[in-house]
2 protein chains.
Amino acid sequence: MNPTIKDIAEKCGVSYATVSRALSGHPYVKDETRERIIKIARQMGYRPNAVARGLVMRKTTTIGFMVPDITNPVFPEVARGLEDAALAAGYTVFLCNSNWDKDRELRIIDILLQQRVSGLVVFLCSEKSVDLIRRAKMDTKTVCISNMSHKSAMTLLYIDNELGARQAVEHLIERGHRAIACIGGLEDTAANRERLKGYHQALQNHGIAACSDFVRFGDYRLESGHAIMTELLRLPARPTAVFAANDLLALGAISAIKEHGLRVPEDVAVVGFDDIQLASLPEIQLSSISWPKYELGKIAFELVARCLEGEGPPEDRVLLQPTLVVRSTS
Amino acid sequence: MNPTIKDIAEKCGVSYATVSRALSGHPYVKDETRERIIKIARQMGYRPNAVARGLVMRKTTTIGFMVPDITNPVFPEVARGLEDAALAAGYTVFLCNSNWDKDRELRIIDILLQQRVSGLVVFLCSEKSVDLIRRAKMDTKTVCISNMSHKSAMTLLYIDNELGARQAVEHLIERGHRAIACIGGLEDTAANRERLKGYHQALQNHGIAACSDFVRFGDYRLESGHAIMTELLRLPARPTAVFAANDLLALGAISAIKEHGLRVPEDVAVVGFDDIQLASLPEIQLSSISWPKYELGKIAFELVARCLEGEGPPEDRVLLQPTLVVRSTS
DNA sequence: TTGAAAGCGCTAACAC
DNA sequence: GTGTTAGCGCTTTCAA
């Protein structure tokens with residue numbers, strides 16, 4: 001059994017209130033007493049009980065972090081940024097995968113709220129979750145990494161997906177492409193909608209008619225990119241360029257292109273989104289839209305922390321700018 | 001403020017013990033009462049406080065999970081397996097990165113123990129951490145995913161690194177290679193030691209003298225593989241094959257080889273370890289040692305869960321077998 | 001500078 | 001079936 005402050009108090013011959021004070025750096029404890037208490041506590045292997053403390057303080061030192069899919073290399077980077085910042089500030093983070101599933105998303109948020117996390121950082125796909133969070137709002141400070149309708153239920157932190165997609169597609173247009181396809185991610189996710197919008201904007205800005213055959217959706221994984229690209233290549237008039245809603249889709253697409261005996265970028269150019277580490281591998285050299293992933297995690301924590309410490313009013317929304325990185329697939 | 005069972009009790013005109021019973025499915029509550037309570041609880045948006053429950057039950061429903069580096073694609077896979085299993089059993093998981101840093105490792109374990117996690121799943125690098133866990137053993141059931149000395153401080157779950165490395169190197173030998181280098185990971189980690197041992201065993205089994213110039217260590221990341229391979233290629237007698245302690249190192253090595261104008265596998269063959277998803281990409285096609293990552297996470301949870309539910313004596317150690325996957329880099 | 005005591009939200013005896 | 005009560009480990013008044 002873990003020793004408690006009572007055990008220490010007994011051994012020290014003081015009240016347990018004094019032990020509490022001594023251990024939590026409270027003033028008004030005689031130095032001599034404090035030293036003795038600290039020494040004995042160490043000897044006994046005392047380790048404060050964060051659960052008990054959380055109960056009485058009505059504030060845990062935990063943060064809930066929900067991502068759609070931790071095996072997508074984007075999210076580990078964000079997770080690192082978040083965790084580093086959180087740990088430095090004395091917080092621990094719960095990590096959960098929603099699997100892009102709305103029901104699971106709701107369930108996870110509920111569980112995290114039961115755990116009474118002090119803060120919540122979530123990549124949301126469902127508007128229902130926004131409601132859930134809104135109802136719990138007074139207790140749990142939330143940062144949402146998506147551009148959702150929010151009505152101040154939470155701070156919004158996100159990258160400008162529309163701009164990013166526009167940059168990608170305009171780059172392809174500048175390279176002389178007109179037949180540009182779009183391999184989307186999960187159709188019903190905010191990021192996908194925004195990236196799709198940017199794609200359409202770019203076409204429109206340059207007077208290129210959108211071709212509905214050229215816009216298809218999958219999930220956000222390799223296999224999906226491969227499958228969609230294969231379909232695209234079977235089209236009577238196949239595209240000469242592809243904008244993919246994320247790098248995994250782009251990578252899958254490239255595989256399919258090569259399997260068809262075509263070259264990238266000569267026959268089909270490809271631009272992805274997210275600029276995962278992999279994209280810069282010599283073998284890959286994928287052109288992509290880059291955004292600061294580690295930074296985003298860090299900022300997300302700082303945003304919740306600011307509210308937790310009650311420093312000033314919470315930001316309403318923070319927007320990060322993506323940039324185009326041209327490599328050899330376009 | 002979140003409503004408590006007292007708030008519900010008041011509104012229902014019953015004692016709060018009854019509410020507790022009704023809500024936690026206890027028998028001996030009149031159906032009618034129970035229904036009324038549940039209905040009101042729902043109306044009020046009641047959400048049980050896991051912190052309070054954890055305190056009184058002396059058991060949280062949380063699991064601590066410490067990995068060396070979540071941005072290494074091996075660990076997200078394991079994390080998924082762990083989380084899926086944990087969530088299904090009603091547990092939530094804290095994720096922490098040790099960054100392969102022994103001090104940080106100790107600090108994280110301490111924090112996790114403060115949080116009174118019911119179970120601990122850790123990739124350990126330091127023996128000191130084993131001591132820390134041993135001292136806390138009576139309270140926190142631990143599964144360690146490394147082959148550490150343990151003396152029953154915890155259950156050991158790991159893959160047979162030695163065997164895997166031996167398979168990799170013997171495969172290279174069968175392909176006719178004699179000058180086989182080893183790009184190791186962090187020198188002072190268990191996985192690295194074991195994989196290195198397998199490398200030496202294979203050489204020895206086939207009467208090949210080990211060449212100390214051919215064995216070098218980095219960390220477990222791409223850049224490191226690149227740097228070491230570059231050194232290796234500058235050697236007067238350069239190796240014709242390389243065994244890398246993980247796939248990221250292997251990928252970095254391949255980049256370096258290509259940059260030198262050499263071909264893989266014709267000039268230098270490469271085999272990695274871990275078989276990350278990436279390895280099977282058409283552009284990559286890395287030969288590697290494969291092991292069940294998602295499964296490992298799942299098993300890790302099952303091992304702690306078994307102890308938590310007190311079902312039989314804990315396993316002492318569980319060993320998973322890796323397999324060689326030959327692709328086009330060897 | 002220290003002690004006594006209340007109470008955070010909940011579960012589980014023990015009464016009735 | 002339901003209410004009363006103690007207590008999980010801790011922080012924080014209020015007194016002394």
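Residues numbered from 1 in each chain as written. Chains lettered and ligands numbered in written order. Predicted model: local features only at pLDDT ≥ 70, side-chain atom pairs only at ≥ 80, totals over all residues. Heavy atoms only, no water.

Student: Outline the protein's contact with DNA strand D, supporting the account with residue identities and numerical values.
Tutor: Around DNA strand D, the structure places 26 residues, and the nearest of them are Ser20(A), Tyr46(A), Thr18(B), Arg21(B) and Arg58(B). Sugar plus phosphate, as a fraction of atoms of DNA strand D within 4 Å of the protein: 61%. Between DNA strand D and the protein, one listed contact pairs a base oxygen with a side-chain N or O atom of Arg21(A) at 3.2 Å. For DNA strand D, a phosphate oxygen lies 2.8 Å from a polar atom in the side chain of Thr33(B). Split into classes, the residues belonging to the surface near DNA strand D amount to 15 nonpolar, six polar and five charged. (Near = heavy atom within 4 Å. Polar contact = N/O pair within 3.5 Å; in protein donor to acceptor, adjacent residues only side chain to side chain. Nonpolar A, V, L, I, M, F, W, Y, C, P; charged D, E, K, R; others polar.)

Student: Could you give me a rundown of the packing of aromatic side chains, with the residues and numbers involved?
Tutor: Using the criterion set out here, one finds 11 aromatic pairs over all chains in the structure. With centroids separated by 3.8 Å and ring planes inclined at 20°, the aromatic side chains of Phe94(A) and Phe94(B) adopt a geometry described as stacked. Within this pair, whereas Phe94(A) is found in strand 2 (residues 92-97), its partner Phe94(B) is found in strand 2 (residues 92-97), the two belonging to separate chains. Look at Phe94(A) and you get buried, because its relative accessible area is 1%. (Phe/Tyr/Trp six-rings, centres within 6.5 Å; stacked < 30°, edge-to-face > 60°. Helix = DSSP H or I, 4+ residues; strand = E, 2+ residues; numbered from the N terminus. Buried < 20%, exposed > 50% of the residue type's maximum accessible area, 1.4 Å probe, protein only.)

Student: Describe in detail the relation of the copies chain A and chain B, supporting the description with residues and values.
Tutor: Superposing chain A onto chain B takes a rotation of 180° plus a shift of 0.0 Å along the axis, which leaves an RMSD of 0.0 Å. Taken together, the rotation angle and the small translation identify this as a two-fold axis. Every residue of chain A has its C-alpha some distance from the rotation axis, and the shortest such distance is that of Phe94(A), at 2.1 Å. Interface overlap between copies is the fraction of interface residues in one copy that are interface residues in the other; for chain A against chain B it reaches 100%, indicating a shared surface. (Least-squares fit on C-alpha atoms with pLDDT ≥ 70 in both. Contact = heavy atoms within 4.5 Å.)

Student: Lay out the sheet that holds strand 6 (residues 180-184) of chain A in plain terms, naming residues and giving numbers.
Tutor: Residue and element names in this part refer to chain A. In spatial order, the strands read 7-6-8-9-10-12; together these six strands make up an open sheet with mixed pairing. Of all strands in the sheet, those bounded by a partner on one side alone are strand 7 (215-217) and strand 12 (323-325). Between one strand and the next, the sheet's axes are offset by a mean angle of 20°, whatever the strand orientation. As judged from the three bridges shared by strand 6 and strand 7, these two strands associate in the parallel manner. In the strand pairing of strand 7, Ile183 is matched with Arg216. With respect to the sheet, helix 11 (residues 247-259) is in contact with strand 6, strand 8 (241-244), strand 9 (269-274) and strand 10 (287-290), its orientation differing from that of strand 9 by roughly 160°. (Pairing = 2+ DSSP bridges. Axes fitted to C-alpha atoms, helices over the stretch in contact; angles between N-to-C directions.)

Student: Could you give me a rundown of the pattern of salt bridges, with the residues and numbers involved?
Tutor: Counted by the stated rule, this structure contains 32 salt bridges over all chains. Residue Asp69(B) pairs with Arg80(A) through a salt bridge whose shortest N-O separation is 3.6 Å. Of this pair, Asp69(B) sits in the loop between strand 1 (62-67) and helix 5 (74-88) while Arg80(A) sits in helix 5 (residues 74-88), each in a different chain. This pair shows no difference in class: Asp69(B) is buried, exactly as Arg80(A) is. Across the salt bridge formed by Asp219(A) and Arg221(A), the nearest N and O atoms sit 3.1 Å from each other. Several salt bridges share partner residues, and in doing so they unite Glu83(A), Asp84(A) and Arg104(B) into one network. (Salt bridge = Lys/Arg side-chain N within 4 Å of Asp/Glu carboxyl O.)

Student: Quick one: what's the story with the sheet that holds strand 12 (residues 323-325) of chain B, residue by residue and with numbers?
Tutor: All names here are of chain B. Strand order in the open sheet made by the six strands is 7-6-8-9-10-12, with mixed pairing throughout. This sheet does not close on itself; its edge strands, each paired only once, are strand 7 (215-217) and strand 12. Within the sheet, the average angular offset between the axes of one strand and its neighbour, ignoring direction, is 20°. Bridge count for strand 8 (residues 241-244) against strand 9 (residues 269-274) is three bridges, and the pairing is parallel. Of the residues in strand 9, the one forming a bridge with Ala241 is Ala269. Of the strands in this sheet, strand 6 (180-184), strand 7, strand 8 and strand 9 are in contact with helix 9 (residues 190-205), which crosses strand 6 at around 175°. Along the sheet, helix 11 (residues 247-259) contacts strand 6, strand 8, strand 9 and strand 10 (287-290); its crossing angle with strand 9, the most-contacted strand, is approximately 160°.

Student: Outline the packing of helix 5 of chain B against helix 12 (residues 293-308) of chain B, listing residues and values.
Tutor: All names here are of chain B. Put simply, helix 5 and helix 12 touch, their axes get as near as 7 Å, and they point 40° apart. Considered as vectors, helix 5 and helix 12 are oriented oblique to each other. Crossing of helix 5 over helix 12 shows right-handed handedness. Touching Val74, Glu77, Val78, Arg80, Gly81, Leu82, Asp84, Ala85 and Ala86 of helix 5 are Lys293, Tyr294, Leu296, Gly297, Lys298, Ala300 and Phe301, all from helix 12. Looking at side-chain class alone, the contact of helix 5 with helix 12 contains nine nonpolar, two polar and five charged residues. (Parallel < 35°, antiparallel > 145°, perpendicular 65-115°, else oblique. Left-handed = near helix turned anticlockwise from the far one by under 90°.)

Student: Please give an account of the domain arrangement of chain A that cites residues and values.
Tutor: Residues and elements named next belong to chain A. Considered domain by domain, chain A is made up of domain 1 (5-48), domain 2 (58-159 + 293-321) and domain 3 (161-290). Across the contact, 14 residues belong to domain 2 and 17 residues belong to domain 3. Buried area between domain 2 and domain 3, summed over both chains or domains, comes out near 1200 Å², and the portion from carbon and sulfur atoms is 56%. By the criterion of area lost to domain 3, the three top residues of domain 2 are Trp100, Ile159 and Lys293, representing 38% of everything that side buries. Our count for the domain 2 to domain 3 interface comes out at one salt bridge. Asp188 is the salt-bridge partner of Lys102, the closest N and O atoms lying 2.5 Å from each other. Grouping the constituent residues of the side of domain 2 that touches domain 3 by class yields six nonpolar, four polar and four charged. (Domains from an automatic or database assignment. Buried area = accessible area lost by both parts, 1.4 Å probe.)

Student: How would you explain the interface of chain A and chain B if you had to name every residue and give the values?
Tutor: Contact residues are listed per partner, giving 58 residues for chain A and 58 residues for chain B. Applying the counting criterion to the chain A and chain B interface returns 10 salt bridges. One salt bridge in this structure joins Glu283(A) and Lys258(B), with 3.9 Å as the shortest N-O distance. Summed over the shared surface of chain A and chain B, the number is 24 residue pairs in polar contact (both at pLDDT 80 or more). Sorting the residues of the side of chain A that touches chain B by element identifies helix 4 (50-57), helix 5, strand 2, helix 6 (102-114), helix 10 (222-234) and helix 11 of chain A as the ones contributing at least two each. Taken together, the residues of the side of chain A that touches chain B break down into 28 nonpolar, 14 polar and 16 charged.

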